[in-house]
Structure formats: C-alpha cells, structure tokens
Amino acid sequence: MCGIVGAIARRNVAKILLEGLSRLEYRGYDSSGVAINNLDGVSSHRAVGKVQALRDKFTAEPLDGKIGIAHTRWATHGKPTEANAHPHFSGEDLALVHNGIIENHEPLRRELKAKGYEFKSETDTEVIVHLIHDALKTEPDLLKAVQNVLTKLHGAFAIGVVKNDENGRFIAARKGSPLVVGVGIEENFIASDQLALLHVTDQFIFLEEGDVVELTRDQVTIFDEKGEVQERPISVFNHNVDATDKGEFRHYMMKEIYEQSSVISACLEGRISETKVLTSCFGAESEFLKDIENVHIVACGTSYHAGMVAKYWIEDLAGIPCSVEVASEYRYRKVAVPKKTLFLTLSQSGETADTLAALRMAKELGYLTTLAICNVPSSTLVRESALTLLTNAGPEIGVASTKAFTTQLTALLITSVAIAVENGLSAEKEQELVQAMRSLPAYINDALAQDAHIKVIADRFANKHNALFLGRGTMFPIALEGSLKLKEISYIHAEAYPAGELKHGPLALVDEDMPIIALVPHNDMLDKLKSNLQEVAARGGELYVFADKETDLHNEDNIVFTEVPKVDRILEPIVHTIPLQLLSYHVAVVKGTDVDQPRNLAKSVTVE
Ligand code: HGA
C-alpha cells in the first residue's frame, strides 16, 4: 500500500527520495509525489501512474534541497488523480504525506471549512495538514502542533511533515500504520519499510504505536504517545538476501516461485531434528503447547487459505477443535472463546491492518496465548504477539504471494505436529511426519519441473473469462488459493469449490467455455473425486487435472493432465500449490498483465 520516504541530510535528498519510492513500488500504488524544503520554500512534483512519471518531472524541472518527504499513494479516499496524490499542502509552506485512513475526516473537514480552509483534494489526508496549519496559529512549535493535532485523529496513520522555515528538522509520526526511522551518518530518514532505505543505511529504529519523531541531521528524538522522550533500540538489517534483484527472471513472482525449495529449507532449519519437532522454535515459553485445548486462526487473503489447511492438520493430527476466520469479520463480532484457546495469526508483512486489529482485540479476550506466523521479524504483529514463528521466506516483492504462502504452510505444519505431540501423537508418527517434511524441498523442485508443460497449457486460458477450481480435503483451500492467484494477476474471474459441492450449484456454470481445474491427490478421496470429474466431463467441461501418475489419470479427449509428484499425504497441499502458481503466472504473461504489480492491489495491506 502507500509508501512514505523522508530524508534530512547535508546533500540533496531528491535522488534518495526517488530511489526510495522505486524500492516501495512493489507495495502497489497509483500515483506518487515528492515535496522538498529548501531556502526558497517547499516545492513539489506529483504524478499519476508509475514513479517513472515523477522522475520525468524531475528531469524536466529538477528540485533540490536537504529536507524532503515522498509518497506512493494507493487511493482509499478519492480517485487516483494528481490533485489527490500526496504531498498535500496547507498554504505554500507546510506539506504532509500520509499512509492510512482518517476515519473522522468528514467532521474535521466541516470544521476546517468553517474556519475558511479551502480543500484541493478529495482525500481524508488533507484535513491533517490544515489542522496542523491551524494549530500553528496558537502553538508555533511544529513538533508540539503536530502532537496536538494527532490527538484529534481517529483511524490509522503514518505521516511525514515538512515546513518551509524549519530548515533543521522534519517531523514524523505513526499510529496504526508502519513507519521506521533509518539512522545514517549526519543524515536521518523515515520510510514505511526498511527496503526503501537500504541504499542509504542498514540501521533502523522501529517506531511504536503513537510515537512522534523529530529528525535533524544529527539526531533522532522519539516521543511516545504521552509526549515523553523514549530511547528505542537500533537494529541492523541483515543484507544476506537481496530482494531487489530479479536475477535471471523476468518477474519477481517467478523468482519467488523458484526460491520456494530453498526458503522452505530455511523455514525448517533448526525447527526439526531427524525424529521430532524442536519446540524450542517457539521460544523459551513453549510449555504453552501442552495446555492448548482449542485453536483460533485469524488471517486475511492468502494467509487465510494457509490457515484453512492448518485446520485440517490440527484436527486430524492433534484431535482438538480449530476454527479459521478472516480478520475483517473476526474483529467486528462478539467472539466466544473456549478456555485454553491458542490465538494464531498469519500475515506475510505483519502489518496487515485487520489482522493487527484482531490481535489487539484477542488480547482482551482471555486467550491462552497469542502466536504469530509471520515473515517480517521487525513487524508490528511480531512485536505485539506473545510468541512468534518466523517463516524465513526472505522479502517477497511480487504482490501475489507465493513463497510466503508455502512457508506459512510449512510453519503451520511444524506447529500442528508440535500441538499433536502434546495430544497423543506417537513418536513413530512424529518421526514419519518429520521425515516427510525433510523431503519437502526436493518435492518442490520436482513440481517445478512441470514449468515448461504448464506454460504450454496456459495459452489455452488466455481467451477465457471464467475458471472453476475444485479440490477436496486440504486441496479445497489450495483450490481457493489457486483461484485467487489466477484472479489477482490475470484478472480472469475464478471460483473454487469443494468438489462435493459441484452438484449443489456450480455445475450449472459448466459448459465448453469453462475450464475446470481439478486437484487430485492420490488419497482416500480419489474415487469420489473421479466421480465428480465424470459429472463435469458429461457436461462438456474442459478439465485440467493436476495429479500424480498413480491416480491412473492421463491425457484424454477432454482431460489435460499435469503430473504432480506423489508425496506423503501431509505434504500434498504444499506441493500442489506449485503448479497452480506457475499456471496463474504463465496465464498472466500470455495476457500481458503487470504480473508483479497487478491493478488495484497492494502488497502490505495497511488499511482496513
Ligand atoms: N487515505 C489516503 C492514504 C491512503 C493509503 O494509506 N493507502 O495505503 C488517501 O486516500 O490518499
């Protein structure tokens, strides 16, 4: 979603800000802008579309100065136009960038209009900059004026503020939206995530909820919500993974699909031995495992699908009840919490607004404890959860999640087995499952070997407008994930159903124009699934079957067969994900869509 970058330095900051915005492009956005403070005033460029359009404006009319703020906008309030792009101004001298949503913007707008303020945009953001301008009339100190205004805002924000006569500092703040401070030598920075600043520093301070920061060239002063100065630790970024390089691949998504075998190894590393799950991976407090009597999993989007698979695993292996819910529903209803329930969240970024809100609500509801399965160690979700299991997937740049999903599944499998061990899973069965997990990276590589074949069948989808995905058991959430992937990047309308539901409605959609993608693992549901496929074939539907050879399915008149490696049943959902990722990728490439930054979507969903 929206990205913020800000800088104060002894050198011109324009290049730093533009490079920072380019590094934030992966988050998804529709317009961008920069405001630079120099001795002549605050000047700005804004542009609709890619950051390149903004760079073109800088080429035509360079701006330079030593303090600046910049923004990529993913519109929530008002269309993606230049007038709505950030930074927003009050007068000529005060500029602001904002990530988040101001929920009480309407009454605030009315009050400001009554005071004579004119609005130039449709955004909720513009009220903040006018409020600061108004506050400066009675409180001339910019820092204090910002602190006063923040108490009037309801909703979520990360902001950066520059003012013309403030040549030695700028102000930033966060509440509900992510913001980090980058610490340099005689220069300091802010950004929505660390990746935006890796060209200038590797030292970061993670701001806490309600923090307000004053940044000068030599100092970063952090005030908490009560206005008290706080020291926050500096973390050094680990440069081992260079996420910003596509390597030999045309798109980040493909690079990330191909990384899956190595990141799954990284996710398993240190969490399993030859014979068992090492519960120390949950930290010193792993005794919580023996007390769990129920599990509530809460997540959004792809992470929700991972949670749905875990429900099958937990109930099957541990025999305890598990429910899974999307965070945007959970957070707005009255939830009954059985005693000794584990609250488990899943999020790639750890900044997903609905999941964070659900966690904060859950903390008041008497859960046994909270566990986050997350990819970003420094994220808010990790910091606010009692326990964490990191997925170790490395930065994921493609908006459509791939390696983050399969590593979430791997981490969930580790968690499910750990819970099951405390609920009577035998040592033999644990060893068998752990051995299966150890072969997972090799199976992923085997599944990737179908890439060339899948590329050929993808051509047949290019002119389709709809697709239907079918699966049973753990393959049902994988069918949902496959259909989500196809929708996200190729814009083909796709649905997923448990195959047994076909005749209760979706069969009416089946005709020769409807491709049906069936996930057919070789397990005790095979014969039932084969009957479901007959129902489709009988109605002329075009079947794309993903199955292992032993299922005895193969290419026939109305069946296009893709081989998936035969694996231990527990691994089926992880391995079957790979061909579906490849399918959606190749369909999107044939259709010529923007694979890494699909329209209307954002990577880290930091607004509700
Ligand atoms: N509400 C603001 C900012 C949107 C945002 O943070 N998106 O991620 C706007 O619509 O401009």
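All values derive from a computational prediction rather than experimental measurement.

1. Focus: the overall build of the protein
Tallying secondary structure elements over the protein gives 19 helices and 25 strands in all. For a compact globule of 608 residues, the expected C-alpha radius of gyration is about 25 Å, and the protein comes in at 25 Å, within 12% of that figure. The buried share of the protein, reckoned over its 608 residues, is 61%. Look at the contacts in the protein between residues 6 or more apart in sequence, and 72% of them connect residues 24 or more apart. Taking the average location of the 61 positive side-chain charges in the protein and that of its 84 negative ones, the two points are 3 Å from each other.

2. Side note on the packing of helix 13 (residues 403-421) against helix 14 (residues 427-438)
One can describe the packing of helix 13 onto helix 14 by two numbers: an axis separation of 11 Å at closest approach and a directional angle of 170°. As the angle between them shows, helix 13 and helix 14 are arranged roughly antiparallel. Two secondary-structure elements touch here, helix 13 through L413, I414, V417 and V421 and helix 14 through E430, L433 and M437. Of the residues assigned to the contact of helix 13 with helix 14, the class counts are six nonpolar, no polar and one charged.

3. Overview of the layout of surface pockets
A probe matching the size of a water molecule, rolled over the atoms, marks out where space remains unfilled. Taken as a whole, the largest pocket encloses approximately 800 Å³ of empty space. Taken together, 35 residues make up the lining of the largest pocket; nearest its centre are Q194, F237, V376, P377 and S378. By residue class, the composition of the lining of the largest pocket is 15 nonpolar, 13 polar and seven charged. For the second largest pocket, the calculated volume is near 550 Å³. Residue lining of the second largest pocket: 30 residues in total, with C300, G301, A602, K603 and V605 positioned closest to the centre. Those elements that provide at least two residues to the lining of the second largest pocket are helix 9 (301-318), strand 18 (341-347), helix 11 (353-362), helix 13 and helix 17 (475-490). Considering only residue class, the lining of the second largest pocket consists of 13 nonpolar, twelve polar and five charged.

4. Quick word on the sheet that holds strand 5 (residues 88-90)
Strand order across the open sheet formed by seven strands is 5-6-7-8-12-13-14, with antiparallel pairing between neighbours. Whereas interior strands pair on both sides, the edge strands pair on one side only; in this sheet they are strand 5 and strand 14 (229-230). Note: strand 12 (residues 212-215) against strand 13 (residues 220-223), four bridges, orientation antiparallel. From the neighbouring strand, E214 faces strand 13, where its bridge partner is T221. Sitting on the sheet, helix 4 (residues 126-135) is in contact with strand 5, strand 6 (94-102) and strand 7 (155-163), with an inclination near 135° to strand 6. Strands strand 6, strand 7, strand 8 (170-175), strand 12 and strand 13 of the sheet are contacted by helix 5 (residues 142-150), whose axis makes an angle of about 160° with strand 7.

5. Here we look at the UniProt feature "active site" (unreviewed entry) in the protein
As recorded in UniProt, the sites labelled "active site" (unreviewed entry) are C2 and K603. In summary, the annotated positions, though distributed over 602 residues, converge in three dimensions, the widest C-alpha pair being only 9.6 Å. Among the annotated residues just listed, those lining the largest cavity are C2. Along the chain, C2 turns up in the segment before strand 1 (3-8). For C2, a relative accessible area of 8% puts it in the buried group. Excluding residues within four positions of it along the chain, C2 makes contact with R27, G28, H71, T72, R73, W74, H98, N99 and S192. By the secondary structure assignment, K603 is in the segment after helix 19 (572-591).

6. Re the nonpolar core
One recurring pattern in soluble globular proteins: nonpolar side chains tend to sit buried together. One finds V295, I297, L344, F469, I517, F546 and L583 to be the most contacted residues of the largest nonpolar core, which totals 89 residues. With ten residues, the single largest contributor to this core is helix 13. Apart from the residues lying within four places of it in its own chain, the contact partners of I517 are F461, A467, L468, F469, L470, Y544, F546, L580 and L583. Judged by nonpolar contacts, the second largest core, of 33 residues, contains A7, A14, A70 and A196.

7. Thoughts on the pattern of salt bridges
In total, this model carries 33 salt bridges according to the counting rule given. Here R460 ties to E542 by a salt bridge, and the two come within 2.9 Å at their closest N and O atoms. Note that R460 is positioned in the loop between helix 16 (451-458) and strand 21 (466-471) and E542 in strand 24 (residues 542-547), a separation of 82 residues in sequence. By relative accessible area, which is 42% here, R460 ends up partly exposed. According to the relative accessible area criterion, E542 is buried, its value standing at 18%.

8. Here's the deal with the sheet that holds strand 24
Across a sheet, paired strands are connected by hydrogen bonds in the backbone, their directions being either parallel or antiparallel. If you trace the five strands from one edge of the open sheet to the other, you get 22-21-23-24-25, paired in parallel fashion. One side of each edge strand has no neighbouring strand; the edge strands of this open sheet are strand 22 (493-498) and strand 25 (559-563). For this sheet, the mean inter-axis angle between neighbouring strands, taken without regard to orientation, is 20°. Relative to strand 25, strand 24 runs parallel, the two being bridged by five bridges. Bridging from a neighbouring strand, L543 pairs with I559 of strand 25. Running over the sheet, helix 17 touches strand 21, strand 22 and strand 23 (515-520) and is turned about 180° from strand 22.

9. As for the packing of aromatic side chains
Throughout the structure, instances matching the rule amount to five aromatic pairs. Between Y330 and F343, the aromatic rings sit 5.4 Å apart at their centres with planes inclined by 40°, giving tilted as the arrangement. Of this pair, Y330 sits in helix 10 (residues 327-330) while F343 is found in strand 18, placing the two residues 13 residues apart along the sequence. Cluster of aromatic residues (ring-pair linked, three or more members): Y330, F343 and Y367. Looking at R599, its charged tip hangs above the ring of Y491, at a distance of 3.8 Å from the centre.

Cut-off values and rules
Residues numbered from 1 in each chain as written. Predicted model: local features only at pLDDT ≥ 70, side-chain atom pairs only at ≥ 80, totals over all residues. Heavy atoms only, no water. Helix = DSSP H or I, 4+ residues; strand = E, 2+ residues; numbered from the N terminus. Rg over C-alpha atoms; globule rule 2.2 N^0.38 Å. Buried < 20%, exposed > 50% of the residue type's maximum accessible area, 1.4 Å probe, protein only. Contact = heavy atoms within 4.5 Å. Lys, Arg positive; Asp, Glu negative; His and termini not counted. Charge placed at Lys NZ, Arg CZ, Asp CG, Glu CD. Axes fitted to C-alpha atoms, helices over the stretch in contact; angles between N-to-C directions. Parallel < 35°, antiparallel > 145°, perpendicular 65-115°, else oblique. Nonpolar A, V, L, I, M, F, W, Y, C, P; charged D, E, K, R; others polar. 1 Å grid on protein atoms, 1.4 Å probe; cavity = no way out; pocket = protein on both sides within 12 Å on 5 of 7 lines; lining within 4 Å. Points joined across faces, edges and corners; volume = space filled by probe spheres on them. Pairing = 2+ DSSP bridges. UniProt positions renumbered as here; feature names shortened; annotations may be inferred. Core = buried A, V, L, I, M, F, W, Y, C linked by side-chain atoms within 4.5 Å. Salt bridge = Lys/Arg side-chain N within 4 Å of Asp/Glu carboxyl O. Phe/Tyr/Trp six-rings, centres within 6.5 Å; stacked < 30°, edge-to-face > 60°. Lys NZ or Arg CZ within 6 Å of the ring centre and 35° of its normal.

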